[in-house]
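# Report on the structure
Each chain is listed here by its residues.
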Amino acid sequence: MTLQSLDPVVFRPISWAALLQAGRTTARAALSRYGLLAAFLVFWEGASSLGWLNATVFPPLHLIVAALWDGLASGALVDDIAISLQRAGLAYAAAIVLGIPLGLFMGQIRAVEQALDPILQFFRQTSALALYPVFILLMGLGEASKVFVIFWATLFPILLATIGGVKEVDRKLVEMARTYGATRATVFLRVILPASVPQIFVGLRLSATTALLLLIAAEMIGANKGLGFQVMNAQYNFQIPLMFAAIFLLALLGLGANYALVTLQRRLCRWADAA
Amino acid sequence: MSVADPILRRGEVTIRDLSKSFTLNGRRLNVLRGIDLAVGGGSSLAIVGPSGCGKTTLLRVLAGLEEPDAGEVLVDGSPVHGIGHQRAVIFQEPRLLPWLTVLDNVAFGLEVRGTPRRDAREKALRYIRLVGLAGFETAFPRQLSGGMAQRVGIARALTVQPEILLLDEPLGALDAMTKLTMQEELARIWQEESVTMVLVTHDLEEAIFLADRVLVLSKDSAIPPRLIDIDLPRPRDRSAPAFVELRKTLMAGFGLH
Ligand SMILES: Nc1ncnc2c1ncn2[C@@H]1O[C@H](COP(=O)(O)OP(=O)(O)OP(=O)(O)O)[C@@H](O)[C@H]1O
Ligand SMILES: [Mg+2]
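Residues numbered from 1 in each chain as written. Chains lettered and ligands numbered in written order. Predicted model: local features only at pLDDT ≥ 70, side-chain atom pairs only at ≥ 80, totals over all residues. Heavy atoms only, no water.

### Topic: the UniProt feature "domain: ABC transmembrane type-1" (unreviewed entry) in chain A
What counts, and what does not: UniProt positions are given in the numbering used here, feature names are shortened, and annotations may be inferred rather than shown by experiment. Going along the chain from the N terminus, every DSSP run of H or I of four or more residues is numbered as a helix, and every run of E of two or more is numbered as a strand.
Under the feature "domain: ABC transmembrane type-1" (unreviewed entry), the UniProt entry names residues 81–261 of chain A. Taken end to end, residues 81–261 of chain A comprises 88% helix and 0% strand; its first and last C-alpha atoms sit 20 Å apart.

This is the structure in structure tokens:
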């Protein structure tokens, strides 16, 4: 029996027309993807400069960019970025270090999972923000309560996604591994863990968004540094361009975190979207 | 070659007075009752019978995936309990690990058994060629057709060089054309690898094409199974009068025409 072989790669000589064509295609793709965003920014700048928009609330973009530049050059915003990253990063890392192993363990042992599930569901439904005053009471208004509230909020998505991932592993694959004599440890390392990775990433991405949300909230309450604080503080002091600069940095942080996670997921789960 | 040589003819399976029942919704269900059977080393046995008669159950007991209620399974004369290295199972679904390439999937069984990755891969390459998948080593399971995926599963089982190959409707999910080619491949592999083959199928033609003997189970476990010798020369020819005649007889036994 013959099998059809993969198509051989065909190399064509480079032609300028083809290059131009490729450039045009790229430009069109960029336009369709970022065109609307660019139009929005142009509109903002124009409308604010021409006075169509209230320029005190929506300052023209060039003022925001200037405020951003000043903040970064003087190091003031850099400090805010650093402390915000530290708070969110510490909490997120702790949630990963605790959540993934715990989830992998709980997902495999039915009795443990069943006993703990109601508690988990209850905690998950209790907004971390509502618990923030409790954490402040327990740990004071310093770094500890801020990191802890972010940790608390990010732990549950990671934990629940990991448990779900493990529980959904195809039992038939586990049985297959067992027929080759795989021990429990081998089944875990070579079947359950890799099979759970896509689900774990769902939790990681959800948690990254939550981490940023809680970071901003925690920094708006009783902080004197951080991007969330800066948004509030700039508004109090009527430094509206600085306020928007801080908001922009927060958005950038979220985009960066998501991009990093998506890239990592693509690398680890190449098999899932191999077409 | 001396057929009687015990070293050359490993992979003999003996089943003694085997019974297995399940409890389903509080009712006891006797699926297998007092089964006795001997499968010679290197021979091939097909198990047929109506749906729900216990074919899969019997195969799973042989694989060590189910414990029998009574009786025992012997391999080369010694009783076996649970899963063992002499046996490899091929299921109806290929059961490939989607995150591994074809090469790594085929090497998986050996790696699990402690063979160093390098040696496992080298051996895997040989069996990938044997099942006709050379050139697809780096493909992922998603990129394979159903027939190709099943070949990978077969290669994985062969790579551990079992004495006994247990197959549960391995071609059941394939289209008619692919099925025919795969039957020929299985016949060729079985002869090349000198492995004992126990094959569950609901396809009588497949049973006659591949097996030395056919075990016919009944829905009612009180009726003892029948064992039919397939005395046809190999390679078998589906259109030979003797083949067609045997198929008719077996079909009639099922109440089919
Ligand atoms: N784990 C189980 N628990 C309870 N009952 C079971 C279990 N496994 C099988 N059975 C029952 O045992 C009987 C035989 O099942 P089995 O899967 O062996 O049938 P089969 O001959 O392979 O059928 P098919 O041709 O449809 O695959 C069925 O009635 C089934 O309901
Ligand atoms: Mg079955």
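After that view, the rundown keeps rolling.
### So, unusual backbone geometry
Residues and elements named next belong to chain B. The line we're drawing: Each residue's exposure class comes from its accessible area (1.4 Å probe, protein chains only) as a fraction of the maximum for that residue type: buried when under 20%, exposed when over 50%, partly exposed otherwise.
With an omega of -5°, the peptide bond between Arg234 and Pro235 qualifies as cis. Within the secondary structure, Pro235 is located in the loop between strand S10 (226–229) and helix H7 (241–253). In this model, Asp76 sits at a positive phi of 50°, which is unusual for a non-glycine residue. Taking the relative accessible area as the measure of exposure, Asp76 reaches 29% and is therefore partly exposed.

### With respect to the environment of Leu213 of chain A
All names here are of chain A. For Leu213, the location among the structural elements is in helix H8 (residues 184–220). Look at Leu213 and you get exposed, because its relative accessible area is 58%. For the pair formed by Leu213 and Leu129, sequence separation is 84 residues and the distance between their alpha carbons is 9.8 Å.

### What about the packing of helix H2 (residues 102–112) of chain B against helix H3 (residues 117–130) of chain B?
All names here are of chain B. Applicable threshold: Only the stretch in contact is used when fitting a helix axis, every axis being a line fitted to C-alpha atoms; angles between N-to-C directions are given from 0 to 180 degrees. An angle counts as roughly parallel when it lies under 35 degrees, as roughly antiparallel when it exceeds 145, as roughly perpendicular when it falls between 65 and 115, and as oblique in every other case. In this scheme, a crossing is called left-handed if the near helix is turned counterclockwise away from the far one by less than a right angle; it is called right-handed if the turn is clockwise. Here, two residues are considered to be in contact whenever any of their heavy atoms come within 4.5 Å of each other. Each residue is assigned to one of three groups, with Ala, Val, Leu, Ile, Met, Phe, Trp, Tyr, Cys and Pro labelled nonpolar, Asp, Glu, Lys and Arg labelled charged, and all others, Gly among them, labelled polar.
At their nearest, the axes of H2 and H3 sit 8 Å apart, and the two run at 120° to each other. Between H2 and H3, the angle is such that the two are oblique. For the crossing formed where H2 meets H3, the hand is right-handed. Taken together, the residues of H3 that come into contact with H2 (itself represented by Val102, Leu103, Asp104, Val106, Ala107, Leu110 and Glu111) are Arg117, Ala120, Arg121, Lys123, Ala124, Leu125 and Ile128. In terms of residue class, the contact of H2 with H3 is built from 9 nonpolar, no polar and 5 charged.

### Structural notes on the UniProt feature "domain: ABC transporter" (unreviewed entry) in chain B
UniProt's entry tags residues 13–244 of chain B with the feature "domain: ABC transporter" (unreviewed entry), counted in the numbering of this structure. Counting secondary structure, residues 13–244 of chain B comes out at 33% helix and 26% strand; the distance between its end C-alpha atoms is 29 Å.

### Description of the sheet that holds strand S2 (residues 27–39) of chain B
All names here are of chain B. Our working rule: When DSSP locates at least two bridges between a pair of strands, those strands are taken to pair.
Ordered in space as S2-S1-S4-S5, the 4 strands form an open sheet in which the pairing is antiparallel. Looking at which strands have only one partner, the edges of the open sheet turn out to be S2 and strand S5 (78–79). The pairing of strand S1 (residues 13–24) with strand S4 (residues 70–75) spans 5 bridges and is antiparallel. When the sheet's bridge partners are listed, Ile15 is paired in S4 with Val73. Lying over the sheet, helix H1 (residues 55–63) contacts S1, S2 and S4, oriented at roughly 120° with respect to S1.

### Notes on the interface of chain A and chain B
Accessible area lost upon the coming together of the parts serves often as the stated size of an interface. Short version of the rule: What counts as buried area is the accessible surface, traced by a 1.4 Å probe, that two parts surrender upon association, with contributions from both included. Any Lys or Arg side-chain nitrogen found within 4 Å of a carboxyl oxygen on Asp or Glu counts as a salt bridge. Counting of polar contacts relies on pairs of N or O atoms within 3.5 Å, with two restrictions inside protein: one atom must be capable of donating a hydrogen and the other of accepting it, and residues adjacent in sequence are counted only when both atoms are side-chain atoms.
Tallying the contact residues gives 24 residues for chain A and 34 residues for chain B. When chain A packs against chain B, close to 2700 Å² is buried across both sides, 64% of that on carbon and sulfur atoms. Taken together, the links from chain A to chain B amount to 4 salt bridges. Between Glu93 of chain B and Lys172 of chain A there is a salt bridge whose closest N-O contact spans 3.5 Å. Counting across the chain A and chain B interface gives 7 residue pairs in polar contact (both at pLDDT 80 or more). Only helix H7 (171–179) and H8 of chain A provide two or more residues apiece to the side of chain A that touches chain B. Per element, the largest residue contribution to the side of chain A that touches chain B is 7 residues, and it comes from H7 of chain A.

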